[in-house]
Amino acid sequence: MSDGGHVENLGLLPLLKRRLKKIVVVNGGMANEGDSARDLIKALQKGREIMRCSFSGIGGRDVHEDIRVNLINRPPGKKPRSYRFKVEYYDLTEQYEDVKVGEGEILYILPRHPKQGLPGEGKKWDELTDKNIDIEPDLWGSGPDLDAHETDRLTWCCCECCHCHLLHSLSELWCGVFPNHMTFNQFFTPTMFSAYHREGYHACLEARATDFLAETG
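Residues numbered from 1 in each chain as written. Predicted model: local features only at pLDDT ≥ 70, side-chain atom pairs only at ≥ 80, totals over all residues. Heavy atoms only, no water.

Some points on the overall build of the protein
For the record, the criterion: Under the DSSP-based scheme used, a helix requires at least four consecutive residues in state H or I and a strand at least two consecutive residues in state E, with every element numbered from the N terminus. Values of the radius of gyration come from C-alpha atoms, whereas the globule rule sets the reference at 2.2 Å times the count of residues to the power 0.38. Think of it in three bands: with a 1.4 Å probe and only protein chains considered, a residue is buried below 20% of the maximum accessible area for its type, exposed above 50%, and partly exposed in between. Throughout, a residue-residue contact means that at least one pair of heavy atoms, one from each residue, lies within 4.5 Å. For the accessible areas, the method is Shrake-Rupley and the probe is 1.4 Å, while residue cover comes only from the protein chains on display. When charges are counted, Lys and Arg are positive and Asp and Glu negative, with His and the chain ends excluded. By convention, the charge on Lys lies at NZ, on Arg at CZ, on Asp at CG and on Glu at CD.
Within the protein one finds nine helices and four strands. Reading the helices (α) and strands (β) of the protein from amino to carboxyl end gives α-β-α-β-α-β-β-α-α-α-α-α-α. By the compact-globule yardstick of 17 Å for 217 residues, the protein fits well, its C-alpha radius of gyration being 19 Å. Projected onto its principal axes, the C-alpha positions of the protein cover 65 × 40 × 30 Å. The proportion of buried residues among the 217 residues of the protein is 36%. Put simply, 64% of the contacts in the protein that link residues at least 6 apart link residues at least 24 apart. When the accessible surface of the protein is summed, it comes to about 12400 Å², and 54% of that surface belongs to carbon and sulfur atoms. Across the protein, the 27 positively charged side chains and the 33 negatively charged ones have centroids separated by 4 Å.

Brief notes about the sheet that holds strand 1 (residues 22-26)
The pairing of strands in a sheet comes from backbone hydrogen bonds and takes either a parallel or an antiparallel form. Just so we agree on the cut-off: At least two bridges found by DSSP between two strands is the condition for calling them paired. Note on definitions: angles span 0 to 180 degrees between N-to-C directions of axes, and those axes are lines fitted to C-alpha atoms, for helices only across the stretch in contact.
Across the sheet, four strands lie side by side as 1-4-3-2; this open sheet has mixed pairing. At either end of the open sheet lies a strand with only one pairing partner, and these are strand 1 and strand 2 (54-57). Ignoring strand direction, the axes of neighbouring strands in this sheet form an average angle of 30°. Where strand 2 and strand 3 (residues 82-92) come together, four bridges link them in antiparallel fashion. When the bridges of strand 3 are listed, serine 56 appears paired with lysine 86. Contacts from helix 2 (residues 38-51) reach strand 2, strand 3 and strand 4 (98-109) within the one sheet, and its direction differs from that of strand 3 by about 10°.

Some thoughts on a nonpolar patch on the surface
Let me state the cut-off plainly: What goes into a patch is any residue over 30% in relative accessible area without a salt bridge, connected to like charges within 9 Å or, for nonpolar side chains (Val, Leu, Ile, Met, Phe, Trp, Tyr), within 5 Å. Salt bridge, as applied in this entry: a Lys or Arg side-chain nitrogen positioned within 4 Å of an Asp or Glu carboxyl oxygen.
A cluster of nonpolar side chains, namely Leu170, Leu173 and Trp174, defines an oily patch on the protein surface of about 340 Å² accessible area. The topology assignment puts leucine 170 in helix 7 (residues 168-175).

Some details on the side chain of serine 194
Note the threshold: Polar contacts here mean pairs of N or O atoms no more than 3.5 Å apart (in protein, one a potential hydrogen donor and the other a potential acceptor; neighbouring residues in sequence count only if both atoms are side-chain atoms).
The residue serine 194 is located in helix 8 (residues 190-207) in this model. The exposure class of serine 194 is buried, given its relative accessible area of 6%. Within the structure, the side chain of serine 194 is placed 2.7 Å from the backbone oxygen of leucine 139, a separation counted as a polar contact. Ignoring anything within four residues of it in the chain, the contact list for serine 194 reads Leu139 and Trp140.

Here we look at the pairing of strand 4
Pairing geometry for strand 1 and strand 4, over five bridges, is parallel. Directly across from valine 26, in strand 4, lies its bridge partner isoleucine 109. Summarising the sheet, strand 3 and strand 4 pair through eleven bridges and their orientation is antiparallel. Bridge pairing links tyrosine 83 to tyrosine 108 in strand 4.

A short note on unusual backbone geometry
Cis rather than trans, the peptide bond between phenylalanine 178 and proline 179 has omega equal to 0°. Within the fold, proline 179 resides in the loop between helix 7 and helix 8. A positive phi angle, near 55°, is found at arginine 19, a position not held by glycine. One can find arginine 19 in the loop between helix 1 (12-17) and strand 1. When its relative accessible area of 37% is taken as the criterion, arginine 19 is described as partly exposed. A positive phi angle is found at arginine 52, which is not glycine, with a value near 60°. The topology assignment puts arginine 52 in the loop between helix 2 and strand 2. A residue is classified by how much of its surface remains accessible, and arginine 52, at 34% relative accessible area, is partly exposed.

A few points about the packing of aromatic side chains
What counts here: Ring pairs are drawn from Phe, Tyr and Trp, using the six-membered ring of Trp, whenever the two centres fall within 6.5 Å, and their geometry is named by plane angle: stacked under 30 degrees, edge-to-face over 60, tilted for the rest. Lysine and arginine charges are scored as sitting over a ring when NZ or CZ, respectively, is within 6 Å of the ring centre and within 35 degrees of the ring normal.
Here the structure, examined in full by the defined rule, presents seven aromatic pairs. Through a chain of ring-to-ring contacts, three or more aromatic side chains come together here, namely Phe55, Tyr83 and Phe85. Directly above the ring of phenylalanine 212 sits lysine 22, whose terminal nitrogen or CZ lies 4.4 Å from the centroid.

In structure tokens form, the structure reads like this:
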């Protein structure tokens, strides 16, 4: 996960500059459910303007329409945690013509609230990892899937005792709520860290990130 600062929040431009064939970017910033693709769309616009890149959906559809259909306009409980699309790299010749010099694929991963994202498979850690590894369920839960009761008690505070459902609305107003706490909050409690770890693991499983990176083309 990278932060591109004031240019674009995903840190995608430096990766496009290297013309990579496989790119994974994670949105770990303050983007509510209605704005889940805002940072991505801004990054793509900068990629066109600065890097001369061209983007399209996996099926060849216009990328903005593809994002709208497959990422934004999904009902609660049906919103995916990832979006995969294509990039084509171009260079400007001395004759001022654009020439294609490469292509690749980008996997965009973003966390979701349990009520917004697709439900998980309910698998336990021992079904997903080496059974000889002690996952410490007291710290990391029984598996990557979270429920709303667990996440809606999380606030911005640095103390475990401050996590409660009564402070949820106040936290949302001041510093955001799971999974979109503002990134200037540097005081994650162990419970918050565990929740973000589990949601990140869930998102990567759903996105089949390992398979994506293992593909050759």
